[in-house]
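Results of the structural survey
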Amino acid sequence: MILTPIALALALAACGKPASKDESGPPPVATVVNAGDSPANEASALSGRPDSAVPDATPSAADTAAAADAASAVAAPDTAAASLPEMPAKPDSAQAAATVVETYYALLEQGKYREAWALWGDGGKRSGKTQMQFAAGFASTAETHAEVGAPGDPEGAAGSIFVEVPVTVRATLKDGTAQRFTGSYTLRRVNDVPGSTAEQRRWHIDAAKLKPVPAA
């Protein structure tokens, strides 16, 4: 369940590269939860090393199709109280990138881990986990909710466009423990250039930086 809708935040692309992951620094000030890990699997996330006991998985045609289906599974906006109907986000817009993050957490909330994993770039590989490892990271999580904020301005680098999408994540473990994380996801798509495929021109999750919020 997504608690709040995203706000529109569109701008022209500017040159530069998105900030890279900060793997150093004492938690929780600069703790980075690696891509594809659930809040419940924070210890594994901080190690940055996948479980070698789980065999690697090569993305199948079904996984690629799942990514396309998940990215386009956006509910129609409620315009009953609006004076004018909302226009759907353009596929290359920052709003469309943020919608992928909304879809991602909606899939996690429904336990559709394969589809959520497929929203990561390179057929799920950008999560740093195999499909099995990704799903296993949520074994102790009972509920996950995210508030997705307004996306930042698109930035161009090396033939791609990147957008930072802020999030606040609240999770409840099966033992009742409440967790809260803040940070952002980096979304990436290839520029509309000759030779690029439709899949490459879709927004995919490229990286995640989340840090735990200490309990009050």
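See the structure above.
Residues numbered from 1 in each chain as written. Predicted model: local features only at pLDDT ≥ 70, side-chain atom pairs only at ≥ 80, totals over all residues. Heavy atoms only, no water.

Notes on the packing of aromatic side chains
Stated formally: Think of it this way: a Phe, Tyr or Trp ring, Trp meaning its six-membered ring, pairs with another when their centres are within 6.5 Å, and the plane angle makes it stacked under 30 degrees, edge-to-face over 60, tilted otherwise. By definition, any uninterrupted DSSP run of H or I lasting at least four residues is a helix, any uninterrupted run of E lasting at least two residues is a strand, and each is numbered from the N terminus. Relative accessible area decides the class of each residue, using a 1.4 Å probe on protein chains only: under 20% of the type maximum gives buried, over 50% gives exposed, and in between gives partly exposed. Look at NZ for Lys and CZ for Arg. If either is within 6 Å of the ring centre and within 35 degrees of the ring normal, a charge sits over the ring.
Enumeration according to the criterion identifies 8 aromatic pairs in this entry. For the pair Tyr-104 and Phe-134, a centre-to-centre distance of 6.4 Å together with 55 degrees between the ring planes defines the contact as tilted. Within this pair, whereas Tyr-104 is found in helix α3 (residues 94-109), its partner Phe-134 is found in helix α5 (residues 131-136), the two being separated by 30 residues in sequence. Of the residues examined, Tyr-104 reaches a relative accessible area of 2% and is grouped as buried. Aromatic side chains Tyr-104 and Tyr-185 sit 5.8 Å apart centroid to centroid with 65 degrees between the ring planes, which places their arrangement in the edge-to-face category. Placement of Tyr-104 in helix α3 and of Tyr-185 in strand β5 (residues 178-190) is noted, with a sequence separation of 81 residues between them. Each of the two residues, Tyr-104 as well as Tyr-185, counts as buried. Ring pairing ties together the aromatic residues Tyr-104, Tyr-105, Tyr-113, Trp-120, Phe-134, Phe-138 and Tyr-185, which thus form one cluster. Here Arg-189 stacks its cationic end above the ring of Trp-203, 5.9 Å away from the centre of that ring.

Regarding the pattern of salt bridges
Here is the rule we go by: Here, a salt bridge means any side-chain nitrogen of Lys or Arg that lies within 4 Å of a carboxyl oxygen of Asp or Glu.
Across all of its chains, the model carries 5 salt bridges by this definition. The shortest N-O distance in the salt bridge between Arg-170 and Glu-147 comes to 2.9 Å. Here Arg-170 is found in strand β4 (residues 160-173), whereas its partner Glu-147 is found in strand β2 (residues 141-148), with 23 residues between them in sequence. Among the salt bridges present, the one from Asp-192 reaches Arg-201, with a minimum N-O distance of 4.0 Å. Classification of Asp-192 by relative accessible area gives exposed; the value is 53%. Several salt bridges converge on common partners, so that one network encompasses Arg-189, Asp-192 and Arg-201.

Some words on the environment of Glu-143
Under the convention used in this document: Contacts are assigned to residue pairs with any non-hydrogen atoms lying within 4.5 Å of each other. Pairing of N or O atoms within 3.5 Å defines a polar contact, subject to two protein rules: one partner must be a possible hydrogen donor and the other a possible acceptor, and residues neighboring in sequence count only if both atoms are side-chain atoms.
By secondary structure assignment, the location of Glu-143 is in strand β2. Measuring from C-alpha to C-alpha, the distance between Glu-143 and Gly-111 comes to 9.4 Å, with 32 residues separating the pair along the chain. Non-local contacts of Glu-143, meaning those with residues more than four positions away in its chain, are made with Glu-109, Arg-170, Ala-171 and Thr-172. Of the polar contacts made by the side chain of Glu-143, one reaches the side chain of His-145; its length is 3.5 Å.

A short note on the nonpolar core
To keep it simple, the criterion reads: Definition used in this section: a nonpolar core is a set of buried Ala, Val, Leu, Ile, Met, Phe, Trp, Tyr and Cys residues joined via side-chain atoms within 4.5 Å.
If you look at the biggest cluster of nonpolar residues, it comprises 30 residues, and the most contacted ones within it are Val-101, Tyr-104, Tyr-105, Phe-134, Tyr-185, Leu-187 and Trp-203. Counting residues per element, the ones that place at least two in this core are α3, α4 (113-117), β2, β4, β5 and β6 (204-212). With 10 residues, the top contributor of residues to this core is α3.

With respect to the side chain of His-204
Within the fold, His-204 resides in strand β6. Its relative accessible area of 12% is what places His-204 among the buried residues. Here the side chain of His-204 touches Glu-199 through a polar contact of 2.7 Å, side chain to side chain. Beyond its immediate chain neighbours, meaning those up to four positions away, His-204 contacts Ala-118, Leu-119, Trp-120, Gly-121, Thr-186, Leu-187, Arg-188 and Glu-199.

Some details on the pairing of β6
Basically, it comes down to this: DSSP calls a pair of strands paired once it identifies at least 2 bridges connecting them.
The element β6 is largely enclosed, with a buried count of 7 among its 9 residues. Note: β5 against β6, 8 bridges, orientation antiparallel. Within β6, the position partnered with Phe-181 by the bridge is Pro-212.

Geometric values such as these leave the question of function open.
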